[in-house]
Amino acid sequence: MSLKRALDERSTWLQRVALHASLSALPQRDWIADGSTGEFQFTQLRDARSFISAAKTLDNCLDQYAEPIAAGTANVFGVHRGGRLVACIEVRPHADHLGMPAVTQIKGPRNRRAAIDVWRATYIWLG
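Residues numbered from 1 in each chain as written. Predicted model: local features only at pLDDT ≥ 70, side-chain atom pairs only at ≥ 80, totals over all residues. Heavy atoms only, no water.

A. Structural detail: the overall build of the chain. Broken down by element type, the chain carries four helices and five strands. The helix and strand sequence of the chain, counted from the amino end, reads α-β-β-α-α-β-β-β-α. Split into buried and exposed, the 127 residues of the chain put 35% on the buried side. For the chain, the accessible area works out to roughly 7700 Å², and carbon and sulfur atoms hold 53% of it. (Helix = DSSP H or I, 4+ residues; strand = E, 2+ residues; numbered from the N terminus. Buried < 20%, exposed > 50% of the residue type's maximum accessible area, 1.4 Å probe, protein only. Areas by Shrake-Rupley, 256 points an atom, 1.4 Å probe, with all protein chains shown as cover.)

In structure tokens:
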């Protein structure tokens, strides 16, 4: 293993430790309930294992989400179709309307823009 790779692996490990610590220190927050609409299911990522699994499946940085989780400012949901993870969404409290959700990200594999049907389903579900 090269030195660069070893340092990258160390960084990933430290970020995942921070994620575990952030999630275990917070009370369970179910501000928005899991749900479904049409062929899509929305499930909150509630533990480090679900964040890491989603990060591996979608090849993105969800396993590095410790800071917004620790701050309690974000909820992240996996979007499944036919039992397969197709996207993740980040929902935060709306800045101008307390208690209302605001979608801040909807990302597909490799942080690419999610398909339009995922966007539509997300807003129907939150509605």
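So, next bit.
B. Inspection of the packing of aromatic side chains at higher detail. Applying the stated criterion across every chain yields a total of two aromatic pairs. Measuring from ring centre to ring centre gives 4.4 Å for F42 and W125, while their planes differ by 0 degrees; the resulting arrangement is stacked. Here the residue F42 occupies a position in strand β2 (residues 40–44), and W125 occupies one in helix α4 (residues 116–126), the gap between them amounting to 83 residues. The class of F42 is buried, set by a relative accessible area of 1%. Where F77 meets W125, the ring centres are 5.0 Å apart and the plane angle is 70 degrees; that geometry is what we call edge-to-face. (Phe/Tyr/Trp six-rings, centres within 6.5 Å; stacked < 30°, edge-to-face > 60°.)

C. Main features of the sheet that holds strand β4 (residues 84–93). Read across the sheet, five strands follow the order β1-β2-β3-β4-β5 without closing on themselves; strand pairing throughout is antiparallel. Each having just a single partner strand, β1 (35–37) and β5 (101–107) make up the two edges of the open sheet. Across the sheet, the mean angle from the axis of one strand to that of its neighbour is 30 degrees, orientation sign disregarded. The pairing of β4 with β5 spans six bridges and is antiparallel. (Pairing = 2+ DSSP bridges. Axes fitted to C-alpha atoms, helices over the stretch in contact; angles between N-to-C directions.)

D. Inspection of α4 at higher detail. Among the residues of α4, those classed as buried are V118, A121, T122 and W125. For α4, the buried positions fall inside an angular range of 105 degrees around the axis, keeping them on one side. For α4, the exposed residues lying more than 90 degrees away from the buried face are I116, R120 and I124. For α4, the secondary structure elements touched by its buried residues are β1, β2, β3 (75–81), β4 and β5. (Arc of directions from axis to C-beta. Contact = heavy atoms within 4.5 Å.)

E. How the structure looks around the side chain of Q44. Position of Q44 among the secondary structure elements: in strand β2. Here Q44 falls in the buried class, since its relative accessible area comes to 7%. Side-chain polar atoms of Q44 contact the side chain of N75, separated by 3.2 Å. (Polar contact = N/O pair within 3.5 Å; in protein donor to acceptor, adjacent residues only side chain to side chain.)

These values are about where atoms sit, not about what they do.
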